[in-house]
Amino acid sequence: MVEMTGNALAGKMAEKQAGEERHHGVSFGEAFKVWLRVAALSFGGPAGQIAVMHRIIVDEKRWIGEHRFLHALNYCMLLPGPEAQQLAIYIGWLMHRTPGGLVAGILFVLPGFLSILGLSFIYAAYGNVAIVAGLFFGLKAAVLAVVVQAVIRIGGRALRSKVMVAIAGAAFVAIFFLHVPFPLIVLAAGIIGFFGGRFGLAAFKTGGGHKAGSGPVLSDADSVLGEAIPAHVRPNLAWSLRISTVLFALWLIPVAAVYAVFGADSVFAEIGLFFSKMAVVTFGGAYAVLAYVAQEAVQHFGWLKPGEMLDGLGMAETTPGPLIMVVQFVGFMGAYRNPGSLDPMLAATLAAMLTTWVTFVPCFLWIFLGAPFIEKLRGNVALAGAMSAITAAVVGVILNLAIWFGLHTLFAEVAVVRLAGLRLDIPVLQSAVPAAMALSAVAAIAIFRFKTSVIATLLSCAAAGMVWTLAMN
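Residues numbered from 1 in each chain as written. Predicted model: local features only at pLDDT ≥ 70, side-chain atom pairs only at ≥ 80, totals over all residues. Heavy atoms only, no water.

## With respect to the overall build of the chain
Right, on to step 1. Within the chain, the regular secondary structure consists of 17 helices and two strands.
Right, on to step 2. Relative to its 473 residues, the chain shows a buried fraction of 51%.
Right, on to step 3. A fraction of 76% describes how many contacts in the chain between residues 6 or more apart in sequence connect residues 24 or more apart.
Right, on to step 4. For the chain, the computed accessible surface area is about 20900 Å², with 68% contributed by carbon and sulfur atoms. (Helix = DSSP H or I, 4+ residues; strand = E, 2+ residues; numbered from the N terminus. Buried < 20%, exposed > 50% of the residue type's maximum accessible area, 1.4 Å probe, protein only. Contact = heavy atoms within 4.5 Å. Areas by Shrake-Rupley, 256 points an atom, 1.4 Å probe, with all protein chains shown as cover.)

Structure follows, in structure tokens:
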């Protein structure tokens, strides 16, 4: 009897092992086409991108089940950087190991990189031409409404208790009035949330995240991959350390190279170091990071004029890929205006490539290092509490961004007032721009009242901006 039981158990284990090793049948070539399709349709920010990925990967192709998709998404939301791109890397790695993750992640970024690079060339070369200036004038006014929408959307999900409201308020005061650096705000909120979650305080329990989709739920067992754990998904510390070492070197070697070639005081060295730092603290999505990028790129480095951040965000909103691709435009314009001995367009192109490289290579590092150990993060209340507090702080930071954008979009002049150690930006009322106010109001009505898509709103306002500018000239 014991022998029969042992044989049955061994048979089940062998059957399970065979199931785990079974190939899912999706060729690498087919996966390449699917990831290319995902990349081409990745408009509308992380929520829209995740919805597109869910529709194609889970609903249509049935590669993985709903539970596995959400589990991967929750992990990606714990990481710095664009969660939609990291989710693509994760699923690509899950299906086709390291090459699959690389292809999925690179394709997710490539269309946006090429699109924004082309728009940046046009902006730098023809930005003063009436029709081009009008296009970006309209985009700028509409983006203001989009940022306000982000404040409301994220705030509605994150501020579910008085404690979270207080954290958001403190973050707003810190960055708007005291100009505390964004990384310090993230760190402080994370520490508060970590201990709040660890002590079991109800205010720090999460229940949010992006909604993946609706309709019938595909179980993991019924998916192409199945519910078994593929061999390459099992934790392997040696593999994780090897791939992480390679990616870490790929990340920082270009930064060291620009230091050696152009010098520590060059714009390339500044860009490489600044955006490498951003890659480590970009919790909360593109809108949160933009507040800090705008603060540093405009006020500290002088790479951009205040209104130009909105122009860059308009580019990122209307092209495929992560919204954080706006940093590529920041790097492009920074080097275009400070080219050193290089041709301005060549310097700008190199800076755009460097900015994109140091922003997105770390995303592969986070996934390949941590994904095999993802199960250990499930149900970690302290970590969940930290992310809950960081998300609340992000609401305050995005509110600061909306006000900052509003001041520099709706008014041609903004005065700086210093009072008791505080630095305040005050609009000069006589410099109000009625056309920008009207376009922003129309965009807000379209988005909030009629639920018009962001892309349609941006394109309509861009067309209206061109018409208005040409009429004025």
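## What about the packing of aromatic side chains?
Right, on to step 1. On inspection of all chains with the given rule, the structure shows 22 aromatic pairs.
Right, on to step 2. Ring centres 6.1 Å apart and planes at 65° place the aromatic pair Trp35 and Trp63 in the edge-to-face group. One end of the pair, Trp35, is in helix 2 (residues 28–40); the other, Trp63, is in the loop between helix 3 (45–60) and helix 4 (66–77), and 28 residues separate them in sequence.
Right, on to step 3. Plain terms: the ring middles of Tyr123 and Phe136 are 4.8 Å apart, the flat faces sit at 90° to each other, and that makes the pair edge-to-face. A residue pair is termed long-range when its members are at least 10 positions apart, and Tyr123 in helix 5 (residues 83–126) and Phe136 in helix 6 (residues 130–158) qualify at 13 residues. One exposure class covers both Tyr123 and Phe136, and it is buried.
Right, on to step 4. By way of ring pairs, the aromatic residues Phe274, Phe275, Phe301 and Trp303 are connected into one cluster.
Right, on to step 5. Above the ring of Phe450, the side-chain terminus of Arg449 is found at 5.3 Å from the ring centroid. (Phe/Tyr/Trp six-rings, centres within 6.5 Å; stacked < 30°, edge-to-face > 60°. Lys NZ or Arg CZ within 6 Å of the ring centre and 35° of its normal.)

## Some points on the environment of Ile455
Right, on to step 1. As for its placement among the helices and strands, Ile455 is situated in helix 17 (residues 454–472).
Right, on to step 2. Relative accessible area serves as the criterion here: at 24%, Ile455 is assigned to the partly exposed category.

## Some words on the nonpolar core
Right, on to step 1. Trp35, Ile64, Phe275, Val293 and Met309 are the most contacted members of the largest nonpolar core, which totals 145 residues.
Right, on to step 2. No other element matches helix 5, which puts 19 residues into this core.
Right, on to step 3. In contact with Ile64, not counting residues within four places along its chain, are Ile57, Val58, Phe69, Ile91, Leu94, Met95, Leu218, Ser223 and Leu225. (Core = buried A, V, L, I, M, F, W, Y, C linked by side-chain atoms within 4.5 Å.)

## Quick notes on unusual backbone geometry
Outside of glycine, negative phi angles account for most residues, and trans bonds account for most peptide bonds.
Right, on to step 1. One non-glycine residue, His179, adopts positive backbone phi at about 55°.
Right, on to step 2. With respect to the element layout, His179 can be found in the loop between helix 7 (162–176) and helix 8 (182–198).
Right, on to step 3. A relative accessible area of 23% means that His179 is categorised as partly exposed.
Right, on to step 4. One non-glycine residue, Lys451, lies in positive phi territory at about 55°.
Right, on to step 5. Within the fold, Lys451 resides in the loop between helix 16 (434–449) and helix 17.
Right, on to step 6. For Lys451, a relative accessible area of 66% gives the class exposed.

## Digging into the packing of helix 6 against helix 17
Right, on to step 1. Between helix 6 and helix 17, the least distance of the axes is 6 Å, while the angle of their chain directions is 140°. Comparing their axes, helix 17 and helix 6 come out oblique. The chirality of how helix 6 crosses helix 17 is right-handed. Note on element contacts: helix 17 touches helix 6 through Val454, Thr457, Leu458, Cys461, Ala462, Gly465, Met466, Trp468, Thr469 and Leu470, opposite Ala130, Ile131, Gly134, Leu135, Phe137, Gly138, Leu139, Ala142, Val143, Val146 and Gln149.
Right, on to step 2. Residues that form the contact of helix 6 with helix 17 fall into these classes: 15 nonpolar, six polar and no charged. (Axes fitted to C-alpha atoms, helices over the stretch in contact; angles between N-to-C directions. Parallel < 35°, antiparallel > 145°, perpendicular 65-115°, else oblique. Left-handed = near helix turned anticlockwise from the far one by under 90°. Nonpolar A, V, L, I, M, F, W, Y, C, P; charged D, E, K, R; others polar.)

## Some remarks on the confidence of the model for the chain
Right, on to step 1. Mean pLDDT over the chain: 82, with 88% of residues reaching 70 or higher.
Right, on to step 2. Every residue in residues 1–22 is under pLDDT 50, and counting partners more than four places away or in other chains gives seven contacts.
Right, on to step 3. When the criterion is pLDDT under 50, residues 207–214 qualifies, and its contacts beyond four places in sequence or with other chains add up to 17 contacts. (pLDDT = per-residue confidence, 0-100.)

## Here we look at a nonpolar patch on the surface
Right, on to step 1. Side chains of Leu184, Leu187, Ile191, Phe195, Phe199 and Leu201 sit close together on the surface and give an oily, nonpolar patch of about 620 Å² of accessible area.
Right, on to step 2. As for its position among the elements, Phe195 is in helix 8. (Patch = residues over 30% accessible without salt bridge, like charges linked within 9 Å, V, L, I, M, F, W, Y side chains within 5 Å. Salt bridge = Lys/Arg side-chain N within 4 Å of Asp/Glu carboxyl O.)

## A look at the side chain of Ser431
Right, on to step 1. Assignment of secondary structure puts Ser431 in the loop between strand 2 (422–427) and helix 16.
Right, on to step 2. Given a relative accessible area of 10%, Ser431 falls into the buried group.
Right, on to step 3. Residues contacting Ser431, with those up to four places away along its chain left out, are Leu410, Phe411, Ala412 and Glu413.

## Some thoughts on the pairing of strand 1 (residues 414–419)
Right, on to step 1. With six bridges joining them, strand 1 and strand 2 adopt antiparallel strand pairing. The partner of Val414 across the bridge, within strand 2, is Pro427.
Right, on to step 2. In this structure, the hairpin formed by strand 1 and strand 2 is closed by a connection of two residues, where Ala420 is found at a positive phi of approximately 50°. (Pairing = 2+ DSSP bridges.)

## A look at the environment of Ala291
Right, on to step 1. Mapped onto the elements of the fold, Ala291 is located in helix 11 (residues 286–300).
Right, on to step 2. Among the residues examined, Ala291 registers a relative accessible area of 5% and is labelled buried.

## Some details on the packing of helix 2 against helix 5
Right, on to step 1. With their axes 9 Å apart at the nearest point, helix 2 and helix 5 run at an angle of 40° to one another. Taken together, helix 2 and helix 5 sit at an angle that is classed as oblique. The crossing of helix 2 and helix 5 is right-handed. Seen from helix 2, the contacting residues are Phe28, Ala31, Phe32, Trp35, Leu36, Val38 and Ala39; seen from helix 5, they are Ala88, Ile91, Gly92, His96, Pro99, Gly100, Val103, Ala104, Leu107, Phe108 and Pro111.
Right, on to step 2. Of the residues that constitute the contact of helix 2 with helix 5, the class distribution is 15 nonpolar, three polar and no charged.

## Notes on the pattern of salt bridges
If the charged atoms of two oppositely charged side chains come close together, the side chains can form a pair.
Right, on to step 1. Evaluation of the coordinates by the stated rule reveals four salt bridges.
Right, on to step 2. Put simply, Asp311 and Lys140 hold a salt bridge, and the shortest N to O gap is 3.7 Å. Of this pair, Asp311 sits in helix 12 (residues 306–317) while Lys140 sits in helix 6; the two residues are 171 residues apart in sequence, bridging distant segments of the chain. Take Asp311 and Lys140: they sit in the same class, and that class is buried.
Right, on to step 3. When salt bridges with common partners are traced through the structure, they connect Arg37, Arg55 and Glu60 into a single cluster.

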